[in-house]
Each structure stands twice: as structure tokens, then as C-alpha cells.
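Residue strings, one per chain:
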Amino acid sequence: MAPAARPTVIVAATLDTKSAEVAFIRDAFAQRGVGVTVIDCGILGEPTIVPTISRADVARAGGGDIAAMRAARDRANAIPLMIRGLEAILRDLRDKGLVAGYFGLGGGTNAALASAAFTLLPFGLPKMLVSTVACGNTRPFIGMKDVMLMHSVVDILGLNGFLEDVLTRSVTAFCALLGAPPAAPSLGRRACIGMTTFGSTTEGAMIAHERLVRDYDVLSFHARGVGGEAMEAFVREGRIQAVLDLTTTEVADELVGGICSAGPDRLSAAAERGVPQVVLPGAIDMVNFGPPATVPERFKGRLFTSHTPHATLMRTTREENVAIADFIAGKLNAARGPVSVVLPMRGFSAYDIAGGPFFDPQADEAFCTTLERKLVSSVCVERIDAHINDAAVIDHATALLTDMISHSNRSEAP
């Protein structure tokens, strides 16, 4: 069956195990006047419904042959191949403007299919996952994308009254997403600034937002790993025209081993695209973990404090701060656009303050000295005798950024 010639909701699933559930979803959408493209990613058993795009088509798009895969019964290699095939088909549908949204349902395998789809589909396009994996660590499945999650509670293994109710409500919610008006037009009228925030830099972030929102749209990204990744993605997509990097704690987690890493590409996007950026290295004094019992044994004896019962913070050492400074310098030295760094000499977070549990001027100085030594001369570095959450620091940083934006706009004017 050929895909529809107009945008439809994509439902990709292993129909050898999920035919009844997908049929229920398809019919529920149809009752609401919404078209569905069903993609079969199953391998072994036979589907009991006819998909729009067959498993043979998916396998072929992934570079394989469904008959050979079934004969080999090699699940470890077959699933990645089917995911590649789904990705290829989705790219084609996306590029042709034929994807209205993606509705995922099922357990681990089907959530993995949905995860591949979420990665490919743009922000703002409706995305949903109905699954038992919606309760727990969902980052591997939704990544940084704007996905609505519905915990199915019961396994999606055969229809029953409870599951049908969950699926019906999920389809109803998804249809509301499809009918939502487009984003506010102001997003396209004013330049957009991306700002990283954290609990221990919230005071400074609130001041910065108040200063900047008068003239710009300000998107705040919670620097818990996914937040930093999302800001990098927004910069690469051209959604953000300037960056106030007020919280770089994700770099500490990447290098030391915390749970809030944004990966090795953090601080790369603005540098690569030449986007103006001011960096206030907030919360580099800490590495983030979950409850105390989750802290790895190798960190026994280190200095900790509790942010919440679910968030344990560990103070970075002088040596770790040197490594963090080296990482940041390497990223900023490659910048194609204007960069300034503001160093608050009275502390980098709400905990790194005189009388606070993480106040360590020697460790902070090691960071500052290393950063100043490693940065190229084109990167402006300034020390401010105030705390990162003080208005004096934030006012200076926002003034630098707005001046960069104005200069950049003048340079680009015909």
C-alpha cells in the first residue's frame, strides 16, 4: 500500500506482536478524521493487518533482505537494520512534507523505533510515546526532543479495557496537538538568545532574563545534559542568534563522570556557526549525581552537598577545574564569531560563595588562570569582583552580549 499524498500520522511498530494495538490506534485516528501511515518493522511473525509500508520495504531501505533476516533469526543485527530502514523512510517522508506527527507505542523495541523517529523529526512536530518505558529513565528514548509521554502502566500486549482507555485518551491528546495553532509569531520577529540555567545559577538567570527579554526572545535551557544538547541543536538549526552560556556545569559532568553530561560537543555549535556568545562558566564547581546511594564508590571521601533528596552535588577539585578550563578553551578558541568570557571572582554557583559548602577560592583560581592562559587573544576575558548571581556580573555580561548582537547586525546590513 502506498503512503498517502498528504501529511499523516506515522505509526511504526513490530506488527508481528502489535497488530491489534496498532489497528485500534489507526481506527481511533480515523474516527477523528486523521490519516495514519502504518510502517511494519516486525521481523519473525506474521502481521494480522495490512501496513501502509511493509517490513520488506523497511528492510530494503536499511540495506537488508527480510527473507534472509528471518532465516538467520539474528535479532541483534536485525533490529538495528530495521531501525536504519525506518530512518531512511522517515527522512524521505519528512523531506516531502508528508509527516503530520509520530505516534509510538510498545515496549523496548518499539520505543527504540520511536526514538529513532524522534531524533529525525523537527521540534514542534507532534510526537508521542505510549509505553511502559515512560516510567523511568526516558532520556535514551526521547533524547532532547519535545515528546509527550503516556505511561501505559500495563504492558502493551493484547487489548483490554484498561489499555483501550489509555490508547483512546492518548489519541485524543495527540489530535489536540495536531490541531494546535502554530508557534507565536513573535518568535520570528525578534532575535532569539539561548541561555543556560541551573538551580544554583537561577538568581543570575532571572536577572539576565529581565534585562534581555525587553528586546529579545530568551530561551532558557536547564543544564542537566539534555538542556545543553537542546541548546546546541537549536543553534545549529538557526533558531538561536546569540548565546548567554550562564551554566557550563555539564562540562564538569562530562569530564568527571556525573549524570548531567551534554556530551563532548557542548559549546561547539555557537563556535562553529559564528554565533555571538558570552560565557559565564556557572556551576563548574560541581558534579551532579542522583540520591546519595547512587554516587559511584570511586568518589568516596569527596566533598558533597545535597541540592534536593534526588540531587547530590560533588565539589570539583583544583585538578578537575584545570581540565574543565582546558576543555572550554579548546571549544572557544575555534569560534568563528565574537566570544567573551566573564569570570565572577567571588564564586561560580549558589554553593560556591563565602560561607557556602563549596567555597574554594584556590580551586576557582586554578580554573580562571588556566582558562586565561589557554584562550587565544581574540577571545576577550574579564574578571569581575562579584559573585555569578550578582547583578553587577549579569549586567556586564548582558551588556557585552547585546553589544555583540548590535555589531553583528550592523556588519550584516547591506
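Please read these numbers as outputs of a predicted model, since none were measured by experiment. (Residues numbered from 1 in each chain as written. Predicted model: local features only at pLDDT ≥ 70, side-chain atom pairs only at ≥ 80, totals over all residues. Heavy atoms only, no water.)

(A) Representation of the sheet that holds strand β10 (residues 286–289) within the structure. Ordered in space as β10-β12-β11, the 3 strands form an open sheet in which the pairing is antiparallel. Strands with a single pairing partner mark the edges of an open sheet, and in this sheet they are β10 and β11 (304–308). Across the sheet, the mean angle from the axis of one strand to that of its neighbour is 30 degrees, orientation sign disregarded. In terms of strand pairing, β10 meets strand β12 (residues 311–315) through 4 bridges, oriented antiparallel. (Pairing = 2+ DSSP bridges. Helix = DSSP H or I, 4+ residues; strand = E, 2+ residues; numbered from the N terminus. Axes fitted to C-alpha atoms, helices over the stretch in contact; angles between N-to-C directions.)

(B) Molecular detail of the pairing of strand β3 (residues 99–105). In terms of burial, β3 is a largely internal element, 6 of the 7 residues being buried. As paired strands, strand β1 (residues 8–13) and β3 are joined by 3 bridges and run parallel to one another. By the bridge assignment for β3, Thr8 is matched with Val99. For the crossover from β3 across helix α5 (residues 108–120) to strand β4 (residues 127–131), the handedness is right-handed. (Buried < 20%, exposed > 50% of the residue type's maximum accessible area, 1.4 Å probe, protein only. Right-handed = clockwise from strand over helix to strand, strands pointing away.)

(C) Spatial organisation of the pairing of strand β6 (residues 192–197). Extensive coverage of β6 is indicated by the burial of 6 of its 6 residues. Along β6, one buried face is formed by Cys192, Gly194 and Thr196 and the opposite face, lined by Ile193, Met195 and Thr197, is buried too. Pairing between β6 and strand β7 (residues 217–222): 6 bridges, direction parallel. Of the residues in β7, the one forming a bridge with Thr197 is His222. Taken together, β6, helix α8 (residues 202–212) and β7 constitute a β-α-β crossover, and its handedness is right-handed. By the bridge criterion, 3 bridges tie β6 to strand β8 (residues 242–245) in an arrangement that is parallel.

(D) Summary view of the UniProt feature "domain: UPF0261" (unreviewed entry) in the protein. In the numbering used here, UniProt assigns the "domain: UPF0261" (unreviewed entry) feature to residues 7–177 and 190–403. Helix makes up 50% of residues 7–177 and strand 16%, whereas the separation of the span's terminal C-alpha atoms amounts to 14 Å. Its end C-alpha atoms 16 Å apart, residues 190–403 is made of 36% helix and 21% strand. (UniProt positions renumbered as here; feature names shortened; annotations may be inferred.)

(E) Main features of the nonpolar core. Formed by 36 residues in total, the largest nonpolar core has its most connected members in Ile39, Cys41, Met82, Leu86, Tyr102 and Leu129. Contributing elements (two or more residues each) for this core: β1, α2 (55–61), α3 (66–72), α4 (75–95), β3, α5 and α6 (139–142). It is α4 that provides the largest number of residues to this core, a total of 9 residues. If we ignore the near neighbours within four places in the chain, the residues touching Ile39 are Ile10, Val11, Ala12, Ala13, Ile53, Val58, Leu86 and Ile89. (Core = buried A, V, L, I, M, F, W, Y, C linked by side-chain atoms within 4.5 Å. Contact = heavy atoms within 4.5 Å.)

(F) Just the sheet that holds strand β5 (residues 148–151), in detail. Spatial strand order, β2-β1-β3-β4-β5: 5 strands in an open sheet with parallel pairing. Looking along the sheet, the strands with just one partner apiece sit at the ends: β2 (36–40) and β5. For this sheet, the mean angle separating the axes of adjacent strands, direction not counted, is 20 degrees. With respect to the sheet, α4 is in contact with β1, β2 and β3, its orientation differing from that of β3 by roughly 155 degrees.

(G) Quick peek at the pattern of salt bridges. This structure, assessed with the given rule, holds 24 salt bridges. For Arg60, the salt bridge identified is with Asp57, shortest N-O distance 2.8 Å. Taken together, the residues span about one helical turn, with Arg60 and Asp57 both in helix α2 at a distance of 3 residues. On the basis of relative accessible area, Arg60 is assigned to the exposed category, the value being 55%. Residue classification places Asp57 among the partly exposed residues on the basis of a relative accessible area of 33%. Put simply, Arg239 and Glu237 hold a salt bridge, and the shortest N to O gap is 2.8 Å. For Arg239, a relative accessible area of 35% translates into the label partly exposed. Members of the salt-bridge network, linked through shared partners, are Glu232, Asp245, Glu250 and Arg266. (Salt bridge = Lys/Arg side-chain N within 4 Å of Asp/Glu carboxyl O.)

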